[in-house]
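# Structure assessment
If you want the building blocks of each chain, they are given just below.
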2 protein chains.
Amino acid sequence: MSFLSNLTFARLAHTFCRISSFEQRRCGELVMVKGWIQNIRKMKKNLFLDINDGSSSKCLQVVTERSDSMKPAVGDSVEVLGEVSQAPQGNAEIKATTLNILCKCDIKDGYPFTPRQVHPPEYVREYLHLRPKVDKFAAVLRVRHWATKYINDYFIDRDFLHIHTPVLTSNDCEGAGEVFLVRPDNEQLLKSMAKEGTSPDEAYFDRKVYLSVSGQLALEAATQGMGNVYTFMPAFRAENSKSPLHISEFQMLEAELAFISDIVDLTTFIEDLLKTVTTQVLNKCAMDADVCKATNAEKDVDLKTLLEKKWIILTYDDAIEILKRHKDDLKQELKYEEGLSKEHELFLVKHLNSPVFVTQWPKSMKPFYMKISEIDSTKVDAIDLLMPQVGELVGGSLREANYDRIVSCIPPALQWYADLRKFGYVPTGGFDILMEESQLYLIASKQKELGYEFQRLVTNYRKDPSSRKTPEYLRAKLEQLEQLWTTFNINNTELEPHAGTYSQHPYFEKQYFAKVSAEYIKVKRNIQQLLHNLEASSPSGSAVSTEAKDDVQHFKTPNAPLEEMDSPTPDKQRIKYLIRRQGVIIQSIVHLINGIDSIEVGQPRQFYEVKLSILHRFWDDARGLHQDICESADDVTALGYTPSTYLNTA
Amino acid sequence: MSFLSNLTFARLAHTFCRISSFEQRRCGELVMVKGWIQNIRKMKKNLFLDINDGSSSKCLQVVTERSDSMKPAVGDSVEVLGEVSQAPQGNAEIKATTLNILCKCDIKDGYPFTPRQVHPPEYVREYLHLRPKVDKFAAVLRVRHWATKYINDYFIDRDFLHIHTPVLTSNDCEGAGEVFLVRPDNEQLLKSMAKEGTSPDEAYFDRKVYLSVSGQLALEAATQGMGNVYTFMPAFRAENSKSPLHISEFQMLEAELAFISDIVDLTTFIEDLLKTVTTQVLNKCAMDADVCKATNAEKDVDLKTLLEKKWIILTYDDAIEILKRHKDDLKQELKYEEGLSKEHELFLVKHLNSPVFVTQWPKSMKPFYMKISEIDSTKVDAIDLLMPQVGELVGGSLREANYDRIVSCIPPALQWYADLRKFGYVPTGGFDILMEESQLYLIASKQKELGYEFQRLVTNYRKDPSSRKTPEYLRAKLEQLEQLWTTFNINNTELEPHAGTYSQHPYFEKQYFAKVSAEYIKVKRNIQQLLHNLEASSPSGSAVSTEAKDDVQHFKTPNAPLEEMDSPTPDKQRIKYLIRRQGVIIQSIVHLINGIDSIEVGQPRQFYEVKLSILHRFWDDARGLHQDICESADDVTALGYTPSTYLNTA
């Protein structure tokens, strides 16, 4: 191996090759590649390095001579100079003439990711700053990048103007208090700006200022002078819970089309937009999309069919008719005035085997700005687009053009919005798409994946001959099992409150949690028993606490069929539900503590920090729920909830 | 004129032609155009309508027969169907067969913009929701749209990944309290989530959460797995003043380049980016850019030369040397440790006749993350790009790669940022560009434009024969004069505190305000005298208050050479400055009140609302300044500031 002069390096530095475009290189060409080592295979004379540089899911194989002076490791950042050649399997690779390690990556320094291991998303999320090094997360970023680009292209090609709608706004559009308030983090400044009789929250801007939940009203104003417009900005919602299913900040696409007065123009546009962009993304980064799909989507959705067929348009009344005819297949009750639950939405999509636009909604279900239908004045020209797995993905409507109608139902602060209708108004319609809509499906599908991983672990364990099953081996297995179980259990705690709404999802329908937990208990008991026996027979082995065995007993199947929380349930039933949920949380806490007890010292500090933060979260949940329960009923003891409930559950 | 069937309309509705692409249409072709009437010329038989549809600064001429049943007016939204033909001057126009008025725009309903009048920006800003109908504002939106598109294209073409960095962050990067704090606007929710011993501000997120002032640190983390990345997101700053020179929300472009270790790579990239994007924007929307340029830029900047020549790179030390050699041309003192003032920046650019990259900055002047230079350890590898008129437009640096150096100067919450350096770190560098940087120049240039308008008004008035000078004519002129003056005066109040920093700007250098105000006084007095005489001689005329004449006396030249506020001035001098400033504000208030007094009743309600809001703002400023002054010195009376100062000034 030889080192090139600095000059040559410098010259080549400007022309280093991204791995995504490596295929364009010819055999024999001298190229430089820069990136991170993802994997290493050691042969007698050579090392085979898999290099990734963030430009694609693909790794590039680099062959280099083994050297005593330089020992590359997984995670190191490297520069490689070498010749393009063909590997025996036919792929292009690099025969390195020079390998420079830019910076080592030592796992002993606390690097949290171990090679060749798929880390559960909950674990990865604890290391936000290192996530871009995890391939699955990187793939999501790349898909997002291309989706953003193709969305922008779609609109720009059609003469839409890209508007940056403001994030800071004095409109509390929703009026439901689910907005974030903004003020300078400077008490002194606020004091100096304060005016008599007004709150400090109003001192800086002379009024309360919020983070925008939607740029729609601003877009509507813009469209009245500019024609077709769109915006692609962050939006914010302060939901009354911090579940990861409700995110505070999300990227939202909103568009407003000028001079349209037929709702079908809007559905045609949305369908074409989604089909075009999806096709382009799949063509551009098939491999990344695959990585994401394996995580996000059920295998049974046939994307190709979705993209080829014409999507169905139904009125709300027709949708209700269909659901009524199939009410025996539905768990949730159907009420005309209450709209469609997630279960109903997913049933329609599955039954009709197509994405579905639902139009002509009852006026009372939709916001004030939607246009009263010319066919039926009890309806508005609104659309919801229902998609497989996700349910509602897009919401939109034509906008009410009548000044008097709008003025009768807006707060005084929105007078300007009504005024748009007075000065050369043109008919418009628009829609919004959340980039982060399908959070729940993401978590549920990750559960499925964890389940697979769990299954793999169990199968491998059973296949391994008993000669391999030393105490070290068993303890390592136990640890892996615990790590998987902890994540799986946390995810379940987050998913469970939604069991009612998403009862049709395979995760709930097939009682996935119950099955996995039963398997977990069996395997864990088996390993612990074996370990106990081995260590009892060996005088040098440390004794395992017998508590660890006992706690296993408590893991019944905590998610037996649950009440449907979305339908109005009697108070008593609700409290019962809360108590049951409390039981699950307490179980998780006990399990977590026992898990830590049974682990030997010597884990990196980060390991314990993660455990601690999970414990904190569980405990906060338990405390909150305890308060809920105590406040919900006069006599909770009658329902079996006593101060010793925690002990009983544990 | 004939009306087509609904069916034909519907068929054509999907193929209506945007005016920006009208040139591609052939003579004789049947087209539909939709938009707003900008102007109307009436001939004996025909009407000539100028239609604008927001797609370009250009209007399309439509010829239609005069009709008694349909009277189009400026501001109306219309659909026009007709044949493409050639106007006598050679431009394409439409001979309308059908004209549909979609919605009238009645000025009597309170529409604030009158045809054929350029409205001052301060006035337009009072009608945020109707701004997109004002051509200058629309042109700015279009230029922004294309700049955004070409910036995205530039990065995507070069394999950069577009990242949406978070707006909500728990990093208070600046640590100067100049951040906005975020919490749900729901006291009950906060109470229910509150934990003992922590403030309600931390209840929702378990910590204080702010609006991001920069996505740089997040980008740096992303680049460590993804390679080159960029973001284009809103950023927020809670400056300690609400001057329009400091905006709370702005669009910021930030990029991070992986694997670069030479500052020249960064300057090369920035120069190419700016040249490429500017060229593309100018090519794409020359007319819109012209409209913006007339507003924003001095005529003496030769954009073409800027785009063609190679930009100059200077070290900070060399820059200081040049400035020292020319210290007699500079008003502001030069101190090595204090960096460059705006005047110094603009001098360098003008003197070298090129944009200038200043590199190798003293470490003490720059933030912790910038890389210590390998040539000189007292310097960092930072760059500022100085541009004509704007001063600093881009700031950037290589990033410090050394873990120990970084760890020694970060708060504990940023430990993760240091940790990036431990695990396969690669050398990076990056920069940011604010989209809204040149606010001050915008206002200052608008002043110049107002000055032109003012001059036009005066010239026309002088040219008009005395036979035209009826009382009605004179009162209309007075009103126009007042409107211009009010805006001009407000803008000046905002600009004045920056006179020190921007002393080289022609606005201050040429005492623009003093000149215009002298002219204003002369003309106003002349008109009022004439009006007085006319009405005195006519028994039906109403008498003009003589006060109005008197207040004119007070308009001396309030911006005689000002102290330089940026250089440290003794306390006494500062207070003198504040008192002088107070004088200007009080003058403005008196002027505004007198102006309203001398106007006859019958203005639309909006007119008075605008006046009132301006008055409120002046008054708030005066009150705040009064407090400042009283708090700044023990004995302000010694400086001539007594309770009767207001009266004296007025």
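Everything discussed here concerns the structure shown above.
In what follows, the accompanying structure is described. Bear in mind that the values here come from a model prediction, so they are computed numbers and not experimental data.

### Details of the overall build of chain A
- Of regular secondary structure, chain A possesses 20 helices and 16 strands.
- In chain A, which comprises 650 residues, the proportion classed as buried is 54%.
- For chain A, restricting intrachain contacts to residue pairs at least 6 apart in sequence, the fraction spanning at least 24 positions comes to 69%.
- Entry remark: accessible area of chain A is about 29,800 Å², with carbon and sulfur atoms responsible for 52%.

### Some details on the relation of the copies chain B and chain A
- Its rotation angle being 180°, the transformation that places chain B on chain A also includes 0.0 Å of axial translation and leaves an RMSD of 0.2 Å. Such a combination of rotation and displacement between the chain copies is what one expects of a two-fold axis. Distance from the rotation axis, computed per C-alpha, reaches its smallest value in chain B at valine 182 of chain B: 2.5 Å.
- A shared binding surface is used by both copies, with 100% of the interface residues of chain B retained as interface residues in chain A.

### Re the packing of aromatic side chains
- Enumeration according to the criterion identifies 46 aromatic pairs over all chains in this entry.
- On the numbers, 5.1 Å between centres and 50° between planes, the contact of tyrosine 111 of chain A with phenylalanine 423 of chain B is tilted. Taken together, the residues tyrosine 111 of chain A in the loop between strand S5 (92-103) and helix H2 (121-125) and phenylalanine 423 of chain B in the loop between helix H12 (415-419) and strand S16 (428-434) connect one chain to another. Like phenylalanine 423 of chain B, tyrosine 111 of chain A is buried.
- On the numbers, 5.3 Å between centres and 35° between planes, the contact of phenylalanine 160 of chain A with phenylalanine 269 of chain A is tilted. Of the two residues, phenylalanine 160 of chain A sits in the loop between helix H3 (135-157) and strand S6 (161-162) while phenylalanine 269 of chain A sits in helix H6 (residues 263-284), which places them 109 residues apart along the sequence.
- On the basis of relative accessibility, which here comes to 13%, the residue phenylalanine 269 of chain A falls in the buried class.
- A connected cluster of aromatic rings, assembled from ring pairs, spans Tyr154, Phe155, Phe160, Tyr230, Phe269 and Phe431 of chain A.

### What about the interface of chain B and chain A?
- Between chain B and chain A, the contact holds 98 residues from the first and 99 residues from the second.
- Between chain B and chain A, a total of about 7,900 Å² is buried, with carbon and sulfur atoms accounting for 60% of that surface.
- When the buried area of chain B at its contact with chain A is split by residue, Asp185, Phe259 and Phe423 of chain B rank highest and sum to 10% of it.
- Linking chain B with chain A are four salt bridges, by the criterion used here.
- Summed over the shared surface of chain B and chain A, the number is 36 residue pairs in polar contact (both at pLDDT 80 or more).
- It is helix H3 (residues 135-157) of chain B that contributes the most residues to the side of chain B that touches chain A, 10 residues altogether.
- Its residues assigned to classes, the side of chain B that touches chain A comprises 45 nonpolar, 26 polar and 27 charged.

### A word on the sheet that holds strand S4 (residues 77-86) of chain B
All names here are of chain B.
- The strand order S1-S2-S3-S5-S4 describes a closed barrel built from five strands, whose pairing is mixed. Sheet twist, expressed as the mean angle between neighbouring strand axes with direction ignored, is 55°.
- Pairing geometry for strand S2 (residues 46-52) and strand S3 (residues 60-65), over six bridges, is antiparallel. When the sheet's bridge partners are listed, aspartate 50 is paired in S3 with glutamine 61.

### A closer look at helix H5 (residues 216-226) of chain A
Residue and element names in this part refer to chain A.
- For H5, a buried count of 10 out of 11 residues is recorded, marking the element as mostly surrounded by other parts of the structure.
- Among all positions of H5, only Gln216, Leu217, Leu219, Glu220, Ala221, Ala222, Thr223, Gln224, Gly225 and Met226 are buried.
- Of the residues flanking the end of H5, it is glycine 227, one or two places downstream, whose phi is positive at about 80°.

### Concerning the sheet that holds strand S8 (residues 180-184) of chain B
- Overall, antiparallel pairing links the six strands, which are arranged S7(A)-S9(A)-S8(A)-S8(B)-S9(B)-S7(B) in an open sheet. Looking along the sheet, the strands with just one partner apiece sit at the ends: strand S7 (168-169) of chain A together with strand S7 (168-169) of chain B.

### Here's the deal with the packing of helix H9 (residues 316-325) of chain B against helix H10 (residues 342-352) of chain B
All names here are of chain B.
- In the contact formed by H9 and H10, the axes pass within 11 Å of each other and the chain directions differ by 85°. On the basis of the axis angle, H9 is roughly perpendicular to H10. Residues Ala319, Ile322 and Leu323 of H9 form the contact with H10, whose own contacting residues are His344, Phe347, Leu348, His351 and Leu352.
- Class assignment of the residues belonging to the contact of H9 with H10 gives a composition of six nonpolar, two polar and no charged.

Parameters and conventions
- Residues numbered from 1 in each chain as written.
- Chains lettered and ligands numbered in written order.
- Predicted model: local features only at pLDDT ≥ 70, side-chain atom pairs only at ≥ 80, totals over all residues.
- Heavy atoms only, no water.
- Helix = DSSP H or I, 4+ residues; strand = E, 2+ residues; numbered from the N terminus.
- Buried < 20%, exposed > 50% of the residue type's maximum accessible area, 1.4 Å probe, protein only.
- Contact = heavy atoms within 4.5 Å.
- Areas by Shrake-Rupley, 256 points an atom, 1.4 Å probe, with all protein chains shown as cover.
- Least-squares fit on C-alpha atoms with pLDDT ≥ 70 in both.
- Phe/Tyr/Trp six-rings, centres within 6.5 Å; stacked < 30°, edge-to-face > 60°.
- Buried area = accessible area lost by both parts, 1.4 Å probe.
- Salt bridge = Lys/Arg side-chain N within 4 Å of Asp/Glu carboxyl O.
- Polar contact = N/O pair within 3.5 Å; in protein donor to acceptor, adjacent residues only side chain to side chain.
- Nonpolar A, V, L, I, M, F, W, Y, C, P; charged D, E, K, R; others polar.
- Pairing = 2+ DSSP bridges.
- Axes fitted to C-alpha atoms, helices over the stretch in contact; angles between N-to-C directions.
- Parallel < 35°, antiparallel > 145°, perpendicular 65-115°, else oblique.

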